[in-house]
Amino acid sequence: MVPEISIVVPMRNESPNVERLYRELTSSLAELGRSYEILAIDDGSRDDTFELLARIQVKDSRVRIIRFRRNFGQTAAFAAGFKHARGRYIVTLDGDNQNDPADIPGMIQMLEQQDLDIVCGWRKDRKDSFVNRRLPSMIANAIISYATGVKLHDYGCSLKVFRAEVVKAMKLYGEMHRFLPAIASEFGVEIGEKVVNHRPRTHGKSNYGITRTFRVLLDLMTVKFLSSYSTRPLQMFGGVGVMMGAAGVLICAWITYQRFFGYQSANRPLLIVGGIMALGGVILIMNGLLAEMLSRTYHESQDKPTYAIREIRETLPGRSREVLGA
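Residues numbered from 1 in each chain as written. Predicted model: local features only at pLDDT ≥ 70, side-chain atom pairs only at ≥ 80, totals over all residues. Heavy atoms only, no water.

Draft legend 1. Broad picture of the packing of aromatic side chains. Under the criterion given, the structure shown has three aromatic pairs. Look at F68 and F72: their rings are 5.5 Å apart centre to centre, the planes differ by 90°, and that puts the pair in the edge-to-face class. Overall, F68 belongs to the buried group, its relative accessible area being 16%. Classification of F72 as partly exposed rests on a relative accessible area of 41%. Linked through ring pairs, F78, F82 and F162 together constitute an aromatic cluster. It is R67 that lies over the ring of F50; its NZ or CZ is 3.9 Å from the centre. (Phe/Tyr/Trp six-rings, centres within 6.5 Å; stacked < 30°, edge-to-face > 60°. Buried < 20%, exposed > 50% of the residue type's maximum accessible area, 1.4 Å probe, protein only. Lys NZ or Arg CZ within 6 Å of the ring centre and 35° of its normal.)

Okay, here's the thing in structure tokens:
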């Protein structure tokens, strides 16, 4: 039987948390009263995480295990989980037991009742250190919300509920798992946010640190470009190039005008600045044209549409047809 709900849980060196997480997940999902599966992704664990998961899987066929050959990172683990998930709804959470599985039923109900595509958890009362975890997260959330236009309080919370058709079309790289709502917004989805319980970590240590913030900011640049200019890169490169080139030409023209009236221009730094800006503008415009060619090749070679259809309603001879998530 195809399950209705797929739980995707990346795990790496989480052996002390495996059994408790399994108990809490099964208890919470049993109360929900719907068919489900648990996809545990072993992301190159060096402890006995996989062995514990394997024992559980032998007893419970609803548990499926995806074991990586080495550590590929949380984004890759989510991508593998999304690909192999069979449920209509896909739930993601961390394997360290800081996310509370008891929040899952309420998030699914919110998704259905408000006709949303994604419900994101908000760790309003977060149980982490302020300097190393909460402060960088607050700064990152503000920057991401401003840059992407998707206003969320907590991009870093892994506890989220998705409609399967939303995430299965995504291609994830780098540290982009935290940008899932922003990436999905490109397809015009409806996103909600729900306050969830956040618990202190009782076993192991976090794999995240303040240095990861810089990698997040670099990935944010990629997300912003892909969401805003992936189908029209010339508008970004060309816009900046035209302004820079025009400023450079005006500077050079002014220097040339002054030269006719006896001013020395050969050794003036402003002449060099003008020349560099004019040349830089031309280079940016050319890069924009090359990016346009790459963008068209990317979409046309994969037959990838530049739009996303929510549903199709039409009347055919003798019957009506409605296709959701086409």
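Picking up after the structure, the text goes on.
Draft legend 2. Structural context of the pairing of strand 3 (residues 63–67). As paired strands, strand 2 (residues 36–42) and strand 3 are joined by five bridges and run parallel to one another. By the bridge assignment for strand 3, A40 is matched with I65. For the handedness criterion, the β-α-β arrangement of strand 2, helix 2 (residues 49–59) and strand 3 is classed as right-handed. (Pairing = 2+ DSSP bridges. Helix = DSSP H or I, 4+ residues; strand = E, 2+ residues; numbered from the N terminus. Right-handed = clockwise from strand over helix to strand, strands pointing away.)

Draft legend 3. Focus on the sheet that holds strand 1 (residues 5–11). One open sheet holds the seven strands; their spatial order is 3-2-1-4-6-5-7, and the pairing between them is mixed. The open sheet terminates on both sides in strands that have one partner only, identified here as strand 3 and strand 7 (191–195). Taken over all neighbouring pairs, the strand axes of this sheet differ in orientation by 20° on average, direction set aside. In terms of strand pairing, strand 1 meets strand 4 (residues 89–92) through four bridges, oriented parallel. Along strand 4, the bridge assignment pairs V8 with T92. Of the strands in this sheet, strand 1, strand 2 and strand 3 are in contact with helix 1 (residues 18–32), which crosses strand 1 at around 165°. (Axes fitted to C-alpha atoms, helices over the stretch in contact; angles between N-to-C directions. Contact = heavy atoms within 4.5 Å.)

Draft legend 4. Just empty space enclosed by the protein, in detail. Under the criterion given, the structure shown has two cavities of 30 Å³ or more. Estimates place the volume of the largest cavity at around 100 Å³. Around the largest cavity, the lining residues are V9, M11, V18, L21, Y22, L25, I38, A40, L53, I56 and V63. Among the elements of the structure, strand 1, helix 1, strand 2 and helix 2 are those that each provide at least two residues to the lining of the largest cavity. Counting residues per element, the lining of the largest cavity draws most heavily on helix 1, which supplies four residues. (1 Å grid on protein atoms, 1.4 Å probe; cavity = no way out; pocket = protein on both sides within 12 Å on 5 of 7 lines; lining within 4 Å. Points joined across faces, edges and corners; volume = space filled by probe spheres on them.)

Draft legend 5. Geometry of the pairing of strand 5 (residues 118–122). Within strand 5, four of the five residues are buried, leaving the element largely enclosed by the surrounding structure. Across three bridges, strand 5 lies against strand 6 (residues 160–163) in antiparallel orientation. Looking across to strand 6, one finds that C120 is bridged to K160. Bridging between strand 5 and strand 7 involves five bridges; their strand directions are parallel. Each residue of the ladder has a partner; that of G121, found in strand 7, is K194.

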